Amino acid sequence: GENVEQHPSTLSVQEGDSAVIKCTYSDSASNYFPWYKQELGKRPQLIIDIRSNVGEKKDQRIAVTLNKTAKHFSLHITETQPEDSAVYFCAASKGTGGGADGLTFGKGTHLIIQP
Amino acid sequence: DTGVSQDPRHKITKRGQNVTFRCDPISEHNRLYWYRQTLGQGPEFLTYFQNEAQLEKSRLLSDRFSAERPKGSFSTLEIQRTEQGDSAMYLCADRPASGNNEQFFGPGTRLTVL
């Protein structure tokens, strides 16, 4: 089955700086890659996603890049703010429905924004 | 809070007891997923329904676990003969019938097995 590795496990950056979180996946059939943000005691919230037919996607201060050949994808957060502090999870799935639709998650990155 | 709802939000039980959780997705979202999340880990996929059909089950879903979605609307997840290792947050997610692959999570049910 699919295996998703996520690095780093903890990332501390100064407010206003950029943060980058990286993930690799093992199943070349995976074609959907979402990122979730989870604050303490709350549900995971989808913040951005990318499909395998796209190399990059941007939404305001966050962007995701995908390298299908290398089977890795990354989350980029620019101009970090205190409210960006949370645990971020990457995930992968085949996303085709009719089975094989469950998400496989990485272990998470605890992002700490230092004031 | 709109979106997926789960009940109860917290459950404390003694080892060996049975527990049942409920998930109510957004009505027009026909796909429903169950995940389990332990402290410091990402969610782990358990099972998935499209309407009332259970289409995929993880190896994590032992024979003590059973999930149903009898009318294609709400779903229940039952754990029989609970063990301390079952202590976790049980998350439900749904997905629109058409369009994108996004899964939206409910608030979860936190299970503590004593």
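Residues numbered from 1 in each chain as written. Chains lettered and ligands numbered in written order. Predicted model: local features only at pLDDT ≥ 70, side-chain atom pairs only at ≥ 80, totals over all residues. Heavy atoms only, no water.

A. Layout of unusual backbone geometry. Residues and elements named next belong to chain A. Cis geometry marks the peptide bond from His7 to Pro8, where omega comes out at -5°. Tracing the sequence through the fold places Pro8 in the loop between strand E1 (4-7) and strand E2 (10-14). You will see that Gln60, though not glycine, has its phi angle at about 60°, which is positive. Positionally, Gln60 belongs in the loop between strand E6 (56-59) and strand E7 (62-67). Taking the relative accessible area as the measure of exposure, Gln60 reaches 71% and is therefore exposed. Although it is not a glycine, Glu79 adopts a positive phi angle of roughly 45°. Along the chain, Glu79 falls in the loop between strand E8 (72-77) and strand E9 (86-92). Judged by its relative accessible area of 51%, Glu79 falls in the exposed class. (Helix = DSSP H or I, 4+ residues; strand = E, 2+ residues; numbered from the N terminus. Buried < 20%, exposed > 50% of the residue type's maximum accessible area, 1.4 Å probe, protein only.)

B. Expanded view of the interface of chain B and chain A. Taken together, the contacts link 26 residues of chain B with 20 residues of chain A. Buried surface at the junction of chain B and chain A, both sides included, amounts to about 1,800 Å², of which 46% is carbon and sulfur. At the junction of chain B with chain A, the criterion picks out zero salt bridges. Summed over the shared surface of chain B and chain A, the result is seven residue pairs in polar contact (both at pLDDT 80 or more). Going through the elements one at a time, strand E4 (31-37), strand E5 (44-50), strand E6 (53-57), strand E9 (88-95) and strand E10 (104-105) of chain B are the ones with two or more residues in the side of chain B that touches chain A. Broken down by element, the side of chain B that touches chain A gets its largest block of residues, four residues, from E4 of chain B. For the side of chain B that touches chain A, the per-class residue count stands at eleven nonpolar, ten polar and five charged. (Contact = heavy atoms within 4.5 Å. Buried area = accessible area lost by both parts, 1.4 Å probe. Salt bridge = Lys/Arg side-chain N within 4 Å of Asp/Glu carboxyl O. Polar contact = N/O pair within 3.5 Å; in protein donor to acceptor, adjacent residues only side chain to side chain. Nonpolar A, V, L, I, M, F, W, Y, C, P; charged D, E, K, R; others polar.)

C. Geometry of the sheet that holds strand E1 (residues 5-7) of chain B. Residue and element names in this part refer to chain B. The four strands are arranged E1-E3-E8-E7 in an open sheet whose pairing can be described as antiparallel. Strand pairing shows two members of the sheet lacking a second neighbour, E1 and strand E7 (65-68), which therefore form its edges. The average undirected angle you get between the axes of adjacent strands in this sheet is 15°. Bridge count between E1 and strand E3 (residues 19-24): three bridges; the pairing is antiparallel. Looking across to E3, one finds that Ser5 is bridged to Asp24. (Pairing = 2+ DSSP bridges. Axes fitted to C-alpha atoms, helices over the stretch in contact; angles between N-to-C directions.)

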